[in-house]
Amino acid sequence: MRSAVLVLAAGLALALAAGAQSAPPDLAKPPVIGPVQPYVPPAVHRDQLPNGLRIVIVEDHRFPLVTVEVALRAGITRLTPATAGLAQAEADLLTAGTPTRTSLQIAQDADALGGSIGASVDSDFLTLSASSLSARVQPLLALVADVVLHPTFPDSEVALEKNNLLQTLRANRADPNYLASVQFAKLLFGANPYAITAPTASSIAAISRQALLTFHQQYFLPNNQAEVVVVGDVAAARAHNLVQQYFGDWRIGSPVPPPMPPMAPPATRRIFLVDRPGSAQSVILLGDIGLTRTAPDYFPFLVANEVLGGSFNSRLMADIREQKGYTYGIYSTNQPYRDFGAWTVQTQVRTSVTAPALAETFAQLDRMRAAPPSSQELLQAKNYLAGNFVLGLQTQDAVADEVLTTGLYGLPSDRLATWVSDVQSVDGDAAFQAAQSVIHPERSIVVVVGDVKQIEAPLARLVPGTVLPVFDDAGHPIGAYPAPPAPPHPPR
Amino acid sequence: MSRRFFFPCMLLLALATGAAAQAIAVPQIPFTTFVLPNHMRVVLSVDHALPVVSETMLFHVGSREEHPGRSGFAHLFEHLMFEGSAHAPKGGFSHLVEGYGGSFNASTHVDYTFFYESVPSNALETVMWLDADRLANLDVTAANMHNQIAVVEEERRIDVDNAAYGQFYLQIAETTFQNWQNAHPVIGSFKDLNAATLADVQEFFREYYAPDNCILTIVGDFDPVKVRQQVEHYFAWIPNRSRITPVKTTEASQTAQRSATLHDPQAKLPALAIAWPGPERNTPDFYALTMLGRLLFSGQSSRLYQALVKNSKVAVQVDGNLGFPNADYTDYVAPGLMAGAVVYKPGFTPDQVENLIKQQIHEIEADGVSPDELERLKTKFSSDWIRGEQTTLGRASLLALATLFDGKPGDANAALAQYLAVTSGDLQRVARTYLVRARSNVIVDLPAPAAPAGTAKGGR
């Protein structure tokens, strides 16, 4: 500090000598600022076609662009461990061919529209995302409808996709964060379909053109919670007519939601290791069942989680990075799937401080349960969430994602307009109760990916009286065990 | 509350010269610019669409300015800019920016260091105060420095030492450049980071974090008259400091192919990178190589994706462009490079991968590209250009980089026409001139056996 003052003093002397600079202002206190200007959400047009397809349209004329998304309930929870990877292949291969276009033509057509097209899949939904210059919105919707409604899954493309999925699986197993998340989902969700996050060599081998076509017939239905979003520089009426034109004849089916066995939280604290010999760091991923977007205490917990580990200013970052220097980053997150949530804390620390970092994390979780956040922390957390929500709505893609989420997750249709006040109305008691209902360090599931030889003994001291189960990078138990570890919450 | 659209005009750009030419209305970023008496350059751009604003400070110092034995200093110093100033002690920066609903971060590059805050518009004066205080009165302590060295070392472990292909990506510059100033990694080495002293760090601050080495950009929802006064109030008084002589970054021209092979215990699939020394910025060759990079590497329609992933089925992933992997056309500076990286399947050889790449380059040299392919390339480039302007932060970054590297913020708007003027003949010329064997650098990353999982368990 003394040296810093000296640097400044030397600089001032130079400035005075040069005589060019004005007098320093009084910087002793931060400026007093005015109130936040209100966020005025755009008009959201919601409608439904006779076949059940929901349409959401938002006009945004700032840029000559348009974004189109089509989502339906064809996520990974439609699968079993034996078919894991099929939904990913379905998404990847939607753009691999139609009766009138090859995969190369689809990619070139998207380029010619000044855009892109591609599908992704998460636990609940498969989403096709596309964009173009707004002057070319009609050919864009024609292209989107072609790949969503008429994919052909050519044999050569299926064979290549299977090979590439297998190679990607190999490559992913080099990534300690991937290993942690796959193992964590298995342990947290047990027999529930949310446990499936990664394929295996044998489930990839089971993918076939016929399986992809069957998946398409079963789930690509306008009444399978399907939704089309159009955001951009196009009149709402025109966008509606184009969706009607290209999706109006889409035939309905009889989809049922995926089976969703009830869940019980973990019973005790357990630490599971994934061995990565020679690893320079350990990935620590711990957590519990979290909250869905429709849970009554969703917003109170969002605020509590923000206090704990949602951003740079949160307790975990201030302690474990800025004080201890154990990590580059540590965050806590509630992942709200459609039917269950998963709440997690994740960090990557150097091998030698693995156990101290985990112990300190548990101490911070205990603090969240012991006392409500201070009024200052509460204010900070709510402002951060509200402000960054608005900051995050600057692009067409972001607006499209937000209005799509509202429909897919069954939220109130005015959620975009109420989100900020939903956060700002959370009080300290509600945040504290939500923290106590979700955060349970005494029964967390902990996965640590690292060099077992170095981390096992110190970690074992954090869970008295047990031997830590160890897995390899394919998720198979290794080491001499009396029995494979039992799922912490057996299926009902 | 009324919301005005912020783009007062559109520039119509014709993509092709034939009858099929289609004009694209490309929004122009409006701006005003001025220079403070202490030579700090300021760019303001008003946009009332959302009640948000971004402030950025771009300093003309990157890893290229570091001295041997002090690698990683520019990046370490980026971290220290968040560790407290005279009136906003440690924790105060994030406390105020996040507490008012904003977000912040920074990045260190080969040629510059970039800081930003995006906040609700009512908090703009707060971030001006914070930025002025840390520029004038940064409080660098030994304790903060040691804490951030530890944090940066964790960052290096995440990106390099504990990650597949970590050293492989660093090796692209280390093999292509012979001058240490250009070749060494931004993240630095553990040895150099641990050797840092408080005096070194303070000297770095004194030399480079001065108003005349900074471009301040503010984009978003504000009153430009009031904000100009506030900028003058907070920043005009900050004194300049003496500057050291610029480092020497010249490279001898390359006359023979170079290669390096790495053995990577973290990688499960082999990878190959190829790099060639690139041209000066803002020359006809620069625009042409940018477009050639897109033609070769960008997206599923690209020549190398089709050749390597789809047709020969050799690779699972292809990536590259002018400046890869550290830069792109917005921040490329010579001496720079054109590079690509391919993750390929076991069972193929590096020579097979390299030959497939060369074959595609030879096809372009011989045949050029069709008018249709060239028009698709330009249409996609234009729409991506527009997409990059959607956020206040994106626009602030483009204006700041154009001010630094092109001498005027208006190039953030004007440069697009140069890319769209590239012809098939230009692509052929730069392929023949730059992407030749004698100027190539090939880096191969081979999976190395790690100890089998579980062997460490021994007696259990």
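About the criteria used
- Each chain carries its own residue numbering, running from 1 in the written order of its sequence.
- As a convention, the first chain written is A and the first ligand written is 1, with the rest following in written order.
- Totals for whole chains, interfaces and linings use every residue, but because this is a predicted model, local features are given only for residues with pLDDT of at least 70 and side-chain atom pairs only at 80 or more, for both listing and counting.
- Processing note: side-chain calculations cover all non-hydrogen atoms of the structure and skip hydrogens and water entirely.
- Note on conventions: DSSP H or I runs of at least 4 residues are helices, E runs of at least 2 residues are strands, and numbering of each starts at the N terminus.
- Summary of the burial criterion: residues with accessible area below 20% of their type's maximum are buried, those above 50% are exposed, and those between are partly exposed, where the area comes from a 1.4 Å probe applied to protein chains only.
- Residues are treated as being in contact if the distance between any of their heavy atoms lies within 4.5 Å.
- Residue burial considers only the protein chains on display, and all accessible areas are found by Shrake-Rupley using a 1.4 Å probe.
- Think of a nonpolar core as a cluster: buried Ala, Val, Leu, Ile, Met, Phe, Trp, Tyr and Cys residues, connected wherever their side-chain atoms sit within 4.5 Å.
- In this analysis an axis means a line fitted to C-alpha atoms, helices contributing only their contacting stretch, and an angle means the value between N-to-C directions, from 0 to 180 degrees.
- Put simply, angles under 35 degrees are roughly parallel, angles over 145 are roughly antiparallel, angles from 65 to 115 are roughly perpendicular, and the rest are oblique.
- Classification convention: Asp, Glu, Lys, Arg as charged; Ala, Val, Leu, Ile, Met, Phe, Trp, Tyr, Cys, Pro as nonpolar; all other residues, Gly among them, as polar.
- Between 30 and 60 degrees the pair is tilted, below 30 it is stacked and above 60 it is edge-to-face, where a pair is any two Phe, Tyr or Trp rings, Trp via its six-membered ring, whose centres lie within 6.5 Å.
- Charge-over-ring contacts are defined here by two conditions on Lys NZ or Arg CZ: a distance within 6 Å of the ring centre and an angle within 35 degrees of the ring normal.
- One side-chain nitrogen of Lys or Arg within 4 Å of one carboxyl oxygen of Asp or Glu is enough to make a salt bridge.
- Each of two parts loses accessible area, computed with a 1.4 Å probe, when they are put together; buried area is these two losses added.
- A 3.5 Å cut-off defines polar contacts: any pair of N or O atoms within that distance qualifies, except that in protein one atom must be a possible hydrogen donor and the other a possible acceptor, and neighbouring residues in sequence count only when both atoms are side-chain atoms.
- By this definition, two strands are paired if DSSP reports at least two bridges between them.
- pLDDT measures the predictor's confidence residue by residue and takes values from 0 up to 100.

## Some remarks on the overall build of chain B
Counting its regular elements, chain B contains 17 helices and 13 strands. When the backbone C-alpha atoms are referred to their principal axes, chain B occupies close to 75 × 60 × 50 Å. A burial count over chain B gives 64% of its 460 residues as buried. Restricting to contacts in chain B with at least 6 residues of sequence separation, those with at least 24 account for 81%. Total accessible area on chain B is roughly 15800 Å²; 55% of this is exposed by carbon and sulfur atoms.

## Some details on the nonpolar core
Counting residues in each nonpolar core, the largest one holds 132 residues, and the members touching the most others are Leu 273 of chain A together with Phe 59, Phe 77, Tyr 209, Ile 218, Val 231 and Phe 235 of chain B. Dropping the residues within four chain positions of it, Leu 273 of chain A is found in contact with Val 448, Val 452, Ile 455, Glu 456, Leu 459, Leu 468, Pro 469, Val 470 and Phe 471 of chain A. Leu 79, Ala 110, Ile 204 and Val 274 of chain A belong to the second-largest nonpolar core, a separate cluster that totals 83 residues.

## Some thoughts on the packing of helix α2 (residues 86-93) of chain A against helix α8 (residues 209-219) of chain A
Residue and element names in this part refer to chain A. With their axes 10 Å apart at the nearest point, α2 and α8 run at an angle of 85 degrees to one another. If you check the angle between α2 and α8, you find them roughly perpendicular. Contacts from Leu 86, Ala 87, Ala 89, Glu 90 and Leu 93 of α2 reach α8 at Ala 211, Leu 212, Phe 215 and His 216. Class assignment for the residues of the contact of α2 with α8 results in seven nonpolar, one polar and one charged.

## What to know about the packing of aromatic side chains
Following the criterion strictly, the structure yields 40 aromatic pairs over all chains and no others. The interplanar angle of 80 degrees and the centroid separation of 6.2 Å between the aromatic rings of Phe 301 of chain A and Trp 343 of chain A together place this pair among those described as edge-to-face. Here the residue Phe 301 of chain A occupies a position in helix α10 (residues 298-309), and Trp 343 of chain A occupies one in strand β12 (residues 341-350), the gap between them amounting to 42 residues. The pair Phe 301 of chain A / Trp 343 of chain A is uniform in exposure class, with both members buried. In this structure an aromatic cluster arises from ring pairing among Phe 312 of chain A together with Phe 59, Phe 73, Phe 77, Phe 82, Phe 93, Phe 104, Phe 115, Phe 204, Phe 205, Tyr 208 and Tyr 209 of chain B. In this structure, Arg 293 of chain A is placed above the aromatic ring of Tyr 409 of chain A, and the distance from its NZ or CZ to the ring centre is 4.1 Å. Taking NZ or CZ as reference, Arg 134 of chain B lies 4.9 Å from the ring centre of Phe 82 of chain B, over its face.

## So, the pattern of salt bridges
Evaluation of the coordinates by the stated rule reveals 38 salt bridges over all chains. A salt bridge links Glu 373 of chain B to Arg 303 of chain B, with the nearest nitrogen and oxygen atoms 2.8 Å apart. With Glu 373 of chain B in helix α13 (residues 371-387) and Arg 303 of chain B in helix α11 (residues 303-311), the pair connects residues that are 70 residues apart, well separated along the chain. Note that Glu 354 of chain B and Arg 437 of chain B form a salt bridge whose closest N and O atoms lie 3.9 Å from each other. Here Glu 354 of chain B, found in helix α12 (residues 350-367), pairs with Arg 437 of chain B, found in the loop between α17 (424-434) and β13 (441-447); they are 83 residues apart in sequence, far enough to count as distant. Residue Glu 354 of chain B is classed as buried on the basis of its relative accessible area of 7%. Where salt bridges share partners, they join Arg 73, Asp 124, Arg 338 and Asp 339 of chain A into one cluster.

## Overview of the interface of chain A and chain B
How big an interface is tends to be reported as the loss of accessible area on association of its parts. Counting residues at the interface gives 97 residues for chain A and 101 residues for chain B. When chain A packs against chain B, the two sides together hide about 8400 Å² of surface, and 61% of this comes from carbon and sulfur. Of all residues in chain A, the largest losses of buried area upon contact with chain B belong to Leu 27, Arg 62 and Tyr 328 of chain A, amounting jointly to 9% of the total for that side. Where chain A touches chain B, the interface holds four salt bridges. Across the pair Glu 322 of chain A and Lys 90 of chain B runs a salt bridge whose closest N-O atoms are separated by 3.7 Å. One can count 35 residue pairs in polar contact (both at pLDDT 80 or more) joining chain A with chain B. Residue composition of the side of chain A that touches chain B, grouped by class: 49 nonpolar, 31 polar and 17 charged.

## Focus on α17 of chain B
Among the residues of α17 of chain B, Ser 424, Asp 426, Leu 427, Gln 428, Val 430, Ala 431 and Tyr 434 of chain B are the ones counted as buried. As for α17 of chain B, its buried residues are in contact with β10 (271-277), α10 (284-297), α12 and α13 of chain B.

## Things to note about the sheet that holds β10 of chain B
Residues and elements named next belong to chain B. With mixed pairing, the five strands of this open sheet are ordered in space as β9-β13-β10-β12-β11. The open sheet has two edge strands, β9 (258-264) and β11 (315-322), and neither has a second partner. On average, adjacent strands in this sheet sit at an angle of 10 degrees to one another, irrespective of strand direction. Looking at chain direction, β10 and β13 are connected through five bridges and run antiparallel.

## Re the confidence of the model for chain B
All names here are of chain B. This prediction gives chain B a mean pLDDT of 91; 93% of its residues lie at or above 70. Segment residues 1-9: pLDDT under 50, and 27 contacts once partners within four positions in sequence are set aside and those in other chains are kept. Model confidence for the complex: the whole-complex pTM is 0.92, and ipTM, which rates the interface, is 0.92.

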